[in-house]
Amino acid sequence: VLGVVLRDYGPHVSLEKRLAAGCSLAGLALVVSGVVERIRRAAPRLPGDTAGVSSLSVGWLVPQFCSIAAAEALVFPAQNEWAAGRPDL
């Protein structure tokens with residue numbers, strides 16, 4: 001929805017810039033997930049748990065999921081627009 005709204009009502013950003021922004025956000029999501037994983041591994045485990053479940057809240061996953069969703073919102077419409085403009089494919 002974000003990509004469609006930006007395409008129709010926002011400033012007209014080129015296809016390449018939307019793809020680059022989406023890929024950059026996906027890269028940011030990877031970095032955020034790596035940082036969260038390091039924090040999760042350093043967090044204490046739940047007492048009495050033999051499976052090694054972390055005591056870290058599931059809320060720590062929200063930033064990476066939001067950045068993945070934003071990246072997909074930018075890349076998916078741009079990919080469709082690119083593919084629709086290429087009749088030779």
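Residues numbered from 1 in each chain as written. Predicted model: local features only at pLDDT ≥ 70, side-chain atom pairs only at ≥ 80, totals over all residues. Heavy atoms only, no water.

Trainee: Any chance you could explain the overall build of the protein chain here in plain terms?
Mentor: Summing up its helical and strand segments, the protein chain has three helices and zero strands in all. Of the regular secondary structure in the protein chain, the N- to C-terminal order runs α-α-α. Each of the 89 residues in the protein chain was classed as buried or not, and the buried ones make up 19%. In the protein chain, the proportion of contacts linking residues at least 24 apart, taken out of those at least 6 apart, comes to 64%. Carbon and sulfur atoms provide 68% of the accessible area of the protein chain, an area that totals close to 6,300 Å². (Helix = DSSP H or I, 4+ residues; strand = E, 2+ residues; numbered from the N terminus. Buried < 20%, exposed > 50% of the residue type's maximum accessible area, 1.4 Å probe, protein only. Contact = heavy atoms within 4.5 Å. Areas by Shrake-Rupley, 256 points an atom, 1.4 Å probe, with all protein chains shown as cover.)

Trainee: Whenever I open this one, the packing of helix α2 (residues 15-42) against helix α3 (residues 62-84) confuses me. Can you help?
Mentor: Axes are the key here: two packed helices are described by the angle between their axes and the distance separating the axes. Viewed as axis vectors pointing N to C, α2 and α3 meet at an angle of 155°, and their least axial separation amounts to 8 Å. On the basis of their axis angle, the class for α2 and α3 is roughly antiparallel. For the element pair α2 and α3, the recorded crossing hand is left-handed. Where α2 abuts α3, its residues L15, R18, L19, A21, G22, C23, L25, A26, A29, V32, S33 and V36 lie against P63, Q64, S67, I68, A70, A71, L74, V75, A78, Q79, E81 and W82. Taken together, the residues of the contact of α2 with α3 break down into 17 nonpolar, five polar and two charged. (Axes fitted to C-alpha atoms, helices over the stretch in contact; angles between N-to-C directions. Parallel < 35°, antiparallel > 145°, perpendicular 65-115°, else oblique. Left-handed = near helix turned anticlockwise from the far one by under 90°. Nonpolar A, V, L, I, M, F, W, Y, C, P; charged D, E, K, R; others polar.)

Trainee: Which parts of the structure should I look at to understand α3?
Mentor: Quick reminder: α-helices carry 3.6 residues per turn. Residues three or four places apart thus point the same way. When the terminal C-alpha atoms of α3 are compared, their 33 Å separation across 23 residues agrees well with the 33 Å that a helix rising 1.5 Å per residue should span. Every buried residue belonging to α3 is among Q64, S67, A71, A73, L74, V75, P77 and A78, and all of these are buried. (Expected span 1.5 Å × (residues − 1).)

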